[in-house]
Amino acid sequence: MLDTGKVKAGLIIPPDFSQYKNKMTNALLKIDGSDPTTARTALSSGIMVAQYFSNKNTEEELSKKGMHIPNIGIDLSTKVEYNPDLNTLIFTIPGLLGLVMQNITIILTAFALVREKEKGTMEQLIVTPIKSVELMIGKLIPYILIGYTDFLMVLALSIYWFRVPVSGSIFLLLLLGFDFIICALAIGMLISTAAKTQTQAMQGAFMALLPTIILSGFIFPREQMPSVIRAISDVIPLTYFLDILRGIIIKGVNANILLSQIIVMTSMGFALLLIAVLRFRKRLD
């Protein structure tokens, strides 16, 4: 459950816990350290709960035995998983990696077709024998190369400059990074097919980008959002890519753990790309 992100902390109580009511008892609090802010809260809360339980048992025994103070209670051991030092960079850098990739790819492709219209070169494309799908693919290929090159550069900076190690499969990370680039490019291409001027394309790109920074879980935990806001964040591809990045880079999980995020992100990318292709027509209007 820690690997999948369903829980942020887990309290492990031994099966013979009740037999040691009058003795020191061991328990283990395991914490997901990928988000240092949440981890610190869980760590302090767990220690406080253990102290309260120990004090309560001590008071009960004191009332029975007078002034004698028995050595009873809970000896709580703590184990912070994935990020033992609670380093904020470990949590922030993978999120920045996804955010930078999304911003670059969407902004680049948002101007792809609009620029042709404003420069007057769309007429030359219209009279060519290529189909709309072929034209769309031809427009995407250069941006795929640019976007993936930027992805590799930012990933290299994360590893070698900020010292954020990749705990999981680097091959899986590169493969899913390519998947997200296609998804982000599809968003930008969809904006480009709807806009008539570069100003409209810029506005559309920022309208798509700004909510993702707040709602994707990059800054604020999605678990603390109202249900309506969280439902909106469920339709943002970056939401799932951040889970994938943090799962592979910080937790080192495999594809089976991230299967639901992979399926949703891939489906979104395919659907957005299909809509963009269907919307684009080789005509000036």
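An account of the accompanying structure is given in this report. (Residues numbered from 1 in each chain as written. Predicted model: local features only at pLDDT ≥ 70, side-chain atom pairs only at ≥ 80, totals over all residues. Heavy atoms only, no water.)

**Re the overall build of the protein chain**
A tally of helices and strands in the protein chain yields ten helices and three strands. Taken over C-alpha atoms, the radius of gyration comes to 26 Å for the protein chain, far larger than the 19 Å a tight globule of 285 residues would show. For the protein chain, the spread of C-alpha atoms along the principal axes amounts to about 100 × 35 × 30 Å. Per-residue burial over the protein chain gives 42% buried out of 285 residues. (Helix = DSSP H or I, 4+ residues; strand = E, 2+ residues; numbered from the N terminus. Rg over C-alpha atoms; globule rule 2.2 N^0.38 Å. Buried < 20%, exposed > 50% of the residue type's maximum accessible area, 1.4 Å probe, protein only.)

**Quick notes on the nonpolar core**
Counting 57 residues, the largest nonpolar core has Leu97, Phe151, Phe241 and Ile244 as its most contacted members. When residues of this core are traced back to their parent elements, those giving at least two are helix H2 (88-110), helix H3 (112-119), helix H5 (132-160), helix H6 (170-194), helix H7 (198-215), helix H9 (237-251) and helix H10 (259-279). Looking at this core element by element, the count peaks at twelve residues for H6. Those residues in contact with Leu97 that lie beyond four places of it in its chain are Phe151, Val154, Leu155, Leu245 and Ile249. (Core = buried A, V, L, I, M, F, W, Y, C linked by side-chain atoms within 4.5 Å. Contact = heavy atoms within 4.5 Å.)

**Structural notes on the packing of H2 against H6**
The interhelical angle for the contact between H2 and H6, taken along N-to-C directions, is 35°, at an axis separation of 7 Å. Relative to H6, H2 is oriented so that their crossing is right-handed. Touching Gly98, Met101, Gln102, Thr105, Ile106, Thr109 and Ala110 of H2 are Phe180, Ile181, Ala184, Leu185, Ile187, Gly188, Met189, Ile191 and Ser192, all from H6. Its residues placed into classes, the contact of H2 with H6 shows ten nonpolar, six polar and no charged. (Axes fitted to C-alpha atoms, helices over the stretch in contact; angles between N-to-C directions. Left-handed = near helix turned anticlockwise from the far one by under 90°. Nonpolar A, V, L, I, M, F, W, Y, C, P; charged D, E, K, R; others polar.)

**A word on the packing of aromatic side chains**
According to the stated counting rule, one finds three aromatic pairs in the structure shown. Between Tyr148 and Phe151, the aromatic rings sit 5.7 Å apart at their centres with planes inclined by 35°, giving tilted as the arrangement. Of this pair, Tyr148 and Phe151 are both found in helix H5, three residues apart, which corresponds to roughly one turn of the helix. Between the aromatic rings of Phe180 and Phe241, the centroid separation amounts to 4.1 Å while the plane-to-plane angle is 5°, which identifies the pairing as stacked. One end of the pair, Phe180, is in helix H6; the other, Phe241, is in helix H9, and 61 residues separate them in sequence. Across the pair, Phe241 and Phe180 agree in class, each one buried. Aromatic rings pair up to connect Tyr148, Phe151 and Phe178 into one cluster. For the cation-ring pair, Arg246 lies above Phe91, with the distance from its terminal atom to the ring centre recorded as 4.0 Å. (Phe/Tyr/Trp six-rings, centres within 6.5 Å; stacked < 30°, edge-to-face > 60°. Lys NZ or Arg CZ within 6 Å of the ring centre and 35° of its normal.)

Just geometry here; none of it tells us what the structure is for.
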